[in-house]
Amino acid sequence: ATDIALSIDAVEILLTRRIDTFVIIASDSDFAPLARRINEEGKDVFGYGNRSTPDAFRRACTEFQEFSLLALQSSLSTPTDKLGSRLPADAEALLLAALTELGWAECPISLPDLGQHLAQQHPGFNSRIYSCRNLTELLLSLPSVELAEIDGQRRVRPARAKIRTG
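An account of the accompanying structure is given in this report.

Here we take up the packing of aromatic side chains. Using the criterion set out here, one finds two aromatic pairs in the structure. Measuring from centroid to centroid gives 5.9 Å for phenylalanine 57 and phenylalanine 64, while their planes differ by 85°, and the two rings are edge-to-face. You can call phenylalanine 64 buried: its relative accessible area is 4%. Aromatic side chains phenylalanine 125 and tyrosine 130 sit 5.8 Å apart centroid to centroid with 25° between the ring planes, which places their arrangement in the stacked category. When sorted by exposure, phenylalanine 125 lands in the same class as tyrosine 130, which is buried.

In structure tokens:
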């Protein structure tokens, strides 16, 4: 019952307030549909949980971190870049490399999969450093990528060349 009440409250907040980022601390796949719904609205979902957290919830989050990794990261130095200190174009090479590693040339990559990959491979990555509120906004600002709705999920693919007529 508590899971349902929390989910209802989160969807109400999603639809009535201007919030760009949600944090879900759970090790339960019951929150996967909520995370997917929030992502559908272009909002980031940061998930935190135990090592035993099911893949369904992990994949539904923009980024997912295990509690054990959080302890390790907090002992490392913090990034020196301030929020808003860089331009979106400064993140393009990093994002294109991550998308290539995920095989986006063969199949468009879901936003949660890209977010999870970035969290694992580049723990200090934060779209707000690049003057964007979330990963979706950052991707939309890059000319080399496009977002498409495929099978009910936003996915990233290489931008199609503009065809001139006439």
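All right, on to empty space enclosed by the protein then. It is the rolling of a water-molecule-sized probe over the atoms that shows where space remains empty. Counted according to the given criterion, the structure contains one cavity of 30 Å³ or more. For the largest cavity, the calculated volume is near 40 Å³. Partitioning the lining of the largest cavity into residue classes produces two nonpolar, four polar and two charged.

So, about the sheet that holds strand 1 (residues 21–25). In space, the three strands of this open sheet follow the order 1-2-3, with parallel pairing throughout. Across the chains shown, the open sheet's two edge strands, defined by having one partner strand only, are strand 1 and strand 3 (63–66). Adjacent strand axes in the sheet meet at a mean angle of 15°, parallel and antiparallel pairs treated alike. In the packing of helix 2 (residues 32–40) onto the sheet, contacts are made with strand 1 and strand 2 (44–49), and the angle to strand 2 comes to roughly 155°.

Judged by side-chain polarity, Val23, Ile25 and Phe67 come together as a nonpolar surface patch covering roughly 290 Å² of accessible area. Among the secondary structure elements, valine 23 is positioned in strand 1.

Further remarks concern the packing of helix 5 (residues 92–101) against helix 6 (residues 111–121). Think of two packed helices as two axes; the pair is described by the angle between the axes and how far apart they sit. For the pair helix 5 and helix 6, the least separation of the axes is 10 Å and the interaxial angle reads 110°. The orientation of helix 5 with respect to helix 6, classified from their angle, is roughly perpendicular. Facing Leu95, Ala98, Leu99 and Glu101 of helix 5, the residues of helix 6 in contact are Leu114, His117, Leu118 and Gln121. Here the residues of the contact of helix 5 with helix 6 sort into five nonpolar, two polar and one charged.

Rules used in this analysis
Residues numbered from 1 in each chain as written. Predicted model: local features only at pLDDT ≥ 70, side-chain atom pairs only at ≥ 80, totals over all residues. Heavy atoms only, no water. Phe/Tyr/Trp six-rings, centres within 6.5 Å; stacked < 30°, edge-to-face > 60°. Buried < 20%, exposed > 50% of the residue type's maximum accessible area, 1.4 Å probe, protein only. 1 Å grid on protein atoms, 1.4 Å probe; cavity = no way out; pocket = protein on both sides within 12 Å on 5 of 7 lines; lining within 4 Å. Points joined across faces, edges and corners; volume = space filled by probe spheres on them. Nonpolar A, V, L, I, M, F, W, Y, C, P; charged D, E, K, R; others polar. Pairing = 2+ DSSP bridges. Helix = DSSP H or I, 4+ residues; strand = E, 2+ residues; numbered from the N terminus. Axes fitted to C-alpha atoms, helices over the stretch in contact; angles between N-to-C directions. Contact = heavy atoms within 4.5 Å. Patch = residues over 30% accessible without salt bridge, like charges linked within 9 Å, V, L, I, M, F, W, Y side chains within 5 Å. Areas by Shrake-Rupley, 256 points an atom, 1.4 Å probe, with all protein chains shown as cover. Salt bridge = Lys/Arg side-chain N within 4 Å of Asp/Glu carboxyl O. Parallel < 35°, antiparallel > 145°, perpendicular 65-115°, else oblique.

Function cannot be inferred from these measures alone, as they are strictly geometric.
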